[in-house]
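Report on the structure
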Amino acid sequence: MRLSTVLISSLVAGSVLAAPSNLKRRESRIARRGSPRQHASQHDDTAPENNPTWAGAVINAPQGTFTSVSASFTVPAPQEPAGLTGFHAASAWVGIDGDSCQNAILQTGADFHINGGRMSYNAWYEWWPADSVYLGSALPVSAGDVLYLNVTAFSPTRGVFTITNTNTGATSTKKLASKHALCMQDADWIVEDYGDTAVPFANFGDVVFTGATALTADGGVQGLAEAYLMNIEQNDVVLTSVAVDGDSLTVSYVDGGDGGDE
Ligand SMILES: *[C@@H]1O[C@H](CO)[C@@H](O)[C@H](O)[C@H]1NC(C)=O
């Protein structure tokens, strides 16, 4: 969803005054950005790419390759970036497509918010370009919880998401259908600055995706060894760093932004 300029100005103005009780309403009004990242057709294998809103790892493969993507991560305690107060947010998710495929994204994950030192969370699923669906109290999330995320495509237009809070045992899963066909050609493990400029980016600390796995239609398994990496860069400042160790992907916030090379 693209926010109108009027809506963005009212959100930015509103964020100054936002009381915690307004948070839920604001979230649902904002809707997640969730749109495809700006895709570079050539990847440099030696250094992470910079991107305005996505940090993490993506595998690009031929159409019809990926049937399922999963990982777990420990929910971080977000902070307001140095010198800034007010509503800030970030999101971590796994998904299929949205990179080399710009038709659709099947994704699930959680948003982290910080506002005046108060943390809050909301798990969600989304089949972009439809808006994300927030799980709210159906899947409560707290700092330190380990979330398991899984999206599976049965076909380009049918799939299922599963998100489990392994600390509480709560699971949310639902079969989904969309007229927006997946290409099934990108596997994504991402920390996102969602909401464009309407939602300022939080210092999310570290998000460590573990067990990052992608299943392929021919019965194979791919992982981070096949992925290329990207960092969030805004206004010539790199705001994240990324590192891979086996099937673990660490995405770290770099306060002050000296996280990477151009
Ligand atoms: C996703 O969940 C399904 C159902 O439990 C499972 O069969 C599949 O292996 C999972 N996908 C990945 C990538 O782990």
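All of these numbers come straight from a predicted model, not from anything done at the bench. (Residues numbered from 1 in each chain as written. Predicted model: local features only at pLDDT ≥ 70, side-chain atom pairs only at ≥ 80, totals over all residues. Heavy atoms only, no water.)

It is worth spelling out the overall build of the protein at this point. Each helix and strand in the protein was counted, giving 2 helices and 17 strands. By the burial criterion, 53% of the 262 residues in the protein qualify as buried. Restricting the contact set of the protein to residue pairs at least 6 apart, pairs at least 24 apart contribute 68%. For the protein, the exposed surface amounts to about 10,900 Å²; the carbon and sulfur share of it is 52%. (Helix = DSSP H or I, 4+ residues; strand = E, 2+ residues; numbered from the N terminus. Buried < 20%, exposed > 50% of the residue type's maximum accessible area, 1.4 Å probe, protein only. Contact = heavy atoms within 4.5 Å. Areas by Shrake-Rupley, 256 points an atom, 1.4 Å probe, with all protein chains shown as cover.)

For strand β6 (residues 118-128), the tally of buried residues reaches 9 of 11 residues, placing the bulk of the element in the interior. Where strand β5 (residues 105-115) folds back on β6, the antiparallel hairpin that results is connected by 2 residues, among which G116 adopts a positive phi of roughly 60 degrees. Across 2 bridges, the pairing between β6 and strand β7 (residues 133-134) is antiparallel. Following the sheet pairing, W124 is matched in β7 by Y134. (Pairing = 2+ DSSP bridges.)

With numbering matched to this structure, UniProt assigns "active site" (unreviewed entry) to E192. As for its placement among the helices and strands, E192 is situated in strand β11 (residues 186-192). (UniProt positions renumbered as here; feature names shortened; annotations may be inferred.)

It is worth spelling out the packing of aromatic side chains at this point. Two measures describe an aromatic ring pair: the distance that separates the ring centres and the angle between the ring planes. Per the counting criterion, the structure on display carries 8 aromatic pairs. Arranged with centres 5.8 Å apart and planes meeting at 80 degrees, the rings of F204 and Y253 form a pair that is edge-to-face. On the criterion of sequence distance, the pair formed by F204 in the loop between β11 and β12 (206-216) and Y253 in strand β17 (residues 248-253) is long-range, its members being 49 residues apart. (Phe/Tyr/Trp six-rings, centres within 6.5 Å; stacked < 30°, edge-to-face > 60°.)

Attention now goes to the site of the ligand. As a matter of local geometry, the ligand sits amid S68, V69, S70, Y148, N150, T152, T213 and L215. Between N150 and the ligand, the recorded distance is 2.3 Å, taken from a side-chain N or O atom to an oxygen atom. Class assignment of the residues belonging to the shell around the ligand gives a composition of 3 nonpolar, 5 polar and no charged. (Near = heavy atom within 4 Å. Polar contact = N/O pair within 3.5 Å; in protein donor to acceptor, adjacent residues only side chain to side chain. Nonpolar A, V, L, I, M, F, W, Y, C, P; charged D, E, K, R; others polar.)

Once that is clear, we can look at the state of the cysteines. Considering all chains together, one arrives at 1 disulfide under this definition. Note on cysteine connectivity: C101 is disulfide-linked to C183, with sulfurs 2.1 Å apart. Between C101 and C183 the disulfide shows an S-S torsion of about 65 degrees. By sign, it is right-handed. Separated by 82 residues along the polypeptide, C101 in the loop between β4 (88-96) and β5 and C183 in the loop between β10 (171-177) and β11 bring together distant segments of the chain. Accessibility assignment for this pair places C101 and C183 in one class, buried. (Disulfide = S-S within 2.5 Å.)

Time to look at the pairing of strand β8 (residues 146-155). One ladder, built from 7 bridges, connects strand β3 (residues 66-74) with β8; its direction is antiparallel. Paired with V69 across the bridge in β8 is V151. Strand direction decides the pairing type here: β8 and strand β9 (residues 158-165), joined by 8 bridges, are antiparallel. Note that in β9 the partner of L147 across the bridge is N165. Hairpin connection of β8 to β9: 2 residues between the antiparallel strands.

With 50 residues, the main nonpolar core has F73, F112, W189, F204 and F209 as its most contacted residues. With sequence-adjacent residues up to four places away left out, F73 is seen in contact with A92, A110, F112, D145, V146, L147, L149, V207, V208 and F209. Core analysis: the second largest hydrophobic core is formed by 9 residues, W54, V58, W124 and M230 among them. (Core = buried A, V, L, I, M, F, W, Y, C linked by side-chain atoms within 4.5 Å.)

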